[in-house]
Amino acid sequence: MKSYLKNMKSVTKVDFATYLGVILAFVIVTVCQNMDLLSRQVTGMLVPICCYVVMAVSLNLTVGILGELSLGHAGFMSVGAFSGVVTSMCLSESIPNELVRVVLALVVGTIFAAITGVIVGVPVLRLRGDYLAIVTLAFGEIIRDIINCLLVGWDENGLHIALNIDGTKNIDSLGLSENGIEIIKGAQGASGNDRIATFTVGFVLVMITLVVVLNLVRSRTGRAVMAIRDNRIAAESVGINITKYKLIAFVTSAALAGAAGALFGLNYASVSADQFDFNTSIMVLVYVVLGGLGNIWGSIVATVVIYVLPEALREYADLRMLLYAIILIVVMLVTNNPTIWNFFARVHQQLRERKGGQVE
Amino acid sequence: MSNHLHREPTRLVPVPNPNKIPERDIDKAPILECRHLGIDFGGLTAVKDFNMAIGRTEIAGLIGPNGAGKTTVFNLLTKVYQPTRGTILLDGVDTNNMNTVQVNKAGIARTFQNIRLFNNLTVEDNVKLGFHNHIGYGMWSGIFRLPNYWKSEKVAHERAMELLSIFDMDYMARYTAGSLPYGAQRKLEIVRALATNPSLLLLDEPAAGMNPSETAELMDNIVKIRDTFGIAILLIEHDMSLVMGICEGIAVLNFGQIIAKGTPDEIKNDPVVIEAYLGKRKEG
């Protein structure tokens, strides 16, 4: 066992530690929950944390691994959220089992977000750098605006969909029958949803995301994606199809964001498109940058800490956002400081030498 | 590695200039043939009427003063630029409609004048990326770690280590490419290009920035590559000791045009070449 550990690549060790850490966190939280140690406030944060962890890890695939700045990640979350909610509401009578419904909603959310990812990705990935960032930002806003004028209802005749572009339609123009359910009501969003998302589903989703992202990165596909990030011209010269691998990374990232969105939508009684605006995209980007570009476990830790931070600072009401901002700045300065990195490297080396001395 | 390289010629092309191709390649079709190749950038003609044939196992050199258009020729061959005029026949096949990726699959690999490695990846991964099109598993096998993944990755690992060990770099396999010393980075770029299984290897100033002992090692390595893999090598170089030492045929480029072709001895004594490099002796 020990020799096996020694022979393992350091990246493999880090991956295993990431999986173990997430499982451990889940077990501890579940035990605490069962012993009633957690306040209502904390319990309410569990599912959103899972959603944002998935968002951050998936955005890291685009920003950290592919190396392209995407500012429209919340758009895919939004697509996932609304398609997930619609699925869950439509199936509420035919499939009473909540777990099956959540899973189906997540799958539908993933598929719709992936399709949106392809539609957005094909034109956008022709661009590079700042231009790509700005166009993804625009697409994120377009998705929000489209959902803002979307009317969706469900009755025994099936799904009714209308686009309220000129603002003259409302939910009644769908012509639903008496037993019909109004699902998405334009700018009001979807309300009266079943809250069927659970922390366990969130945990499973986080694990699936980790498996998909980490395995993808450590495979032939991920290598090609990172090669494009490191040197596009060289990647082309060794026969790597740039467009294909950029699209694979971008669509995978969008699909996972869709799953996160579906879970998010199923956790609240009402969601509206304005919840998934530019600010949400930036917030997720902050998680990714703070956790370290390309560093998956970093994204997880950063998400949990930064998501919890404003809540933890609640007792300093007035100073809350100020403290939050200061902590962000300090973390950025510290993690980018070469002196501090060298200090940690020295400590690491000393520890290793001491360990080596003991063995001899 | 034995099956590493063996491409049968798809069409026999007559060798246009036999005395410029080494003897052992004389009865075989050339691996690369450029006919009247040219490119204009707006009103500027960067390369004009470039004709060249390279034998299957030849080490050929392309030299010329700065700005002569040598790297542009490489960029034409690898389709970074599409030629304005002329044809490139790789192993008798016209590469006219190919892009960079397809040309690489067809058998041209290159290195760059300014090193272009995947700096954040390990040395082994850099070589594996050269194998990219020879590893046969898709995205889903990778995500779900199907048997195909383990099998292909094992083969890729073994081949990468084998290739690295030929150049005594196997102990560096887990280092990050960007952290290697300069000479090793240059070597790794060549190894990565070789991993794509080329029939023609283009080296853009492989000895740039190297000291004499490193250059000597590089010369040995270039000859070793030709002998081990049985491929043709075309190199751009300013270091005349290297060019004259190992190239069998040399073409001299000046202002986008070939001004001389021949063996190293012919080139050394060609007055046109001397004039291009050193200028004309003033009359009187």
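Residues numbered from 1 in each chain as written. Chains lettered and ligands numbered in written order. Predicted model: local features only at pLDDT ≥ 70, side-chain atom pairs only at ≥ 80, totals over all residues.

Another point: the overall build of chain B. Broken down by element type, chain B carries 10 helices and 10 strands. For a compact globule of 284 residues, the expected C-alpha radius of gyration is about 19 Å, and chain B comes in at 20 Å, within 12% of that figure. (Helix = DSSP H or I, 4+ residues; strand = E, 2+ residues; numbered from the N terminus. Rg over C-alpha atoms; globule rule 2.2 N^0.38 Å.)

What follows deals with the nonpolar core. For soluble globular proteins, the rule of thumb is that nonpolar side chains tend to be buried together. Residues and elements named next belong to chain A. Counting 172 residues, the largest nonpolar core has C50, V54 and L263 as the members making the most contacts within it. A per-element tally of this core places helix α3 (residues 40–65) first, with 15 residues. Other than its neighbours up to four places away in sequence, V54 contacts L205, V206, T209, L256, A259 and A260. (Core = buried A, V, L, I, M, F, W, Y, C linked by C-beta atoms within 7 Å. Buried ≥ 20, exposed ≤ 12 C-beta atoms within 10 Å, placed from the backbone. Contact = placed C-beta atoms within 7 Å.)

In this complex, chain B contributes 28 residues to the contact, which on the side of chain A involves 21 residues. For the side of chain B that touches chain A, the secondary-structure elements that each account for two or more residues are α2 (100–106), α3 (123–130) and α4 (139–144) of chain B. Considered class by class, the residues forming the side of chain B that touches chain A number 11 nonpolar, 10 polar and seven charged. (Nonpolar A, V, L, I, M, F, W, Y, C, P; charged D, E, K, R; others polar.)

All names here are of chain B. As judged from the seven bridges shared by strand β1 (residues 32–41) and strand β2 (residues 44–54), these two strands associate in the antiparallel manner. Within β2, the residue paired with D40 across the bridge is T45. As consecutive antiparallel partners, β1 and β2 are separated by two residues, and within that stretch G42 has a phi angle of approximately 60°, a positive value. (Pairing = 2+ DSSP bridges.)

Split by domain assignment, chain A resolves into domain 1 (2–307) and domain 2 (313–360). Put simply, the middle of domain 1 of chain A and the middle of domain 2 of chain A, counted by C-alpha atoms, are 30 Å apart. (Domains from an automatic or database assignment.)

All names here are of chain B. Strand order across the open sheet formed by four strands is β2-β1-β4-β5, with antiparallel pairing between neighbours. Looking at strand neighbours, the two that pair on one side only are β2 and β5 (93–94), the edges of this open sheet. Sitting on the sheet, helix α1 (residues 70–77) is in contact with β1, β2 and β4 (85–90), with an inclination near 70° to β2. (Axes fitted to C-alpha atoms, helices over the stretch in contact; angles between N-to-C directions.)

Another point: the packing of α3 of chain A against helix α11 (residues 278–291) of chain A. All names here are of chain A. Their axes nearest at 9 Å, the elements α3 and α11 cross at an angle of 70°. Accordingly, the angle class assigned to the pair α3 and α11 is roughly perpendicular. Considering the relative orientation of α3 and α11, their crossing is right-handed. Packed against α3, whose contacting residues are Y52, M55, A56, L59, N60, V63 and G64, the element α11 presents V284, L285, Y287, V288 and G291 at the interface. Across the contact of α3 with α11, the residue classes tally to nine nonpolar, three polar and no charged. (Parallel < 35°, antiparallel > 145°, perpendicular 65-115°, else oblique. Left-handed = near helix turned anticlockwise from the far one by under 90°.)

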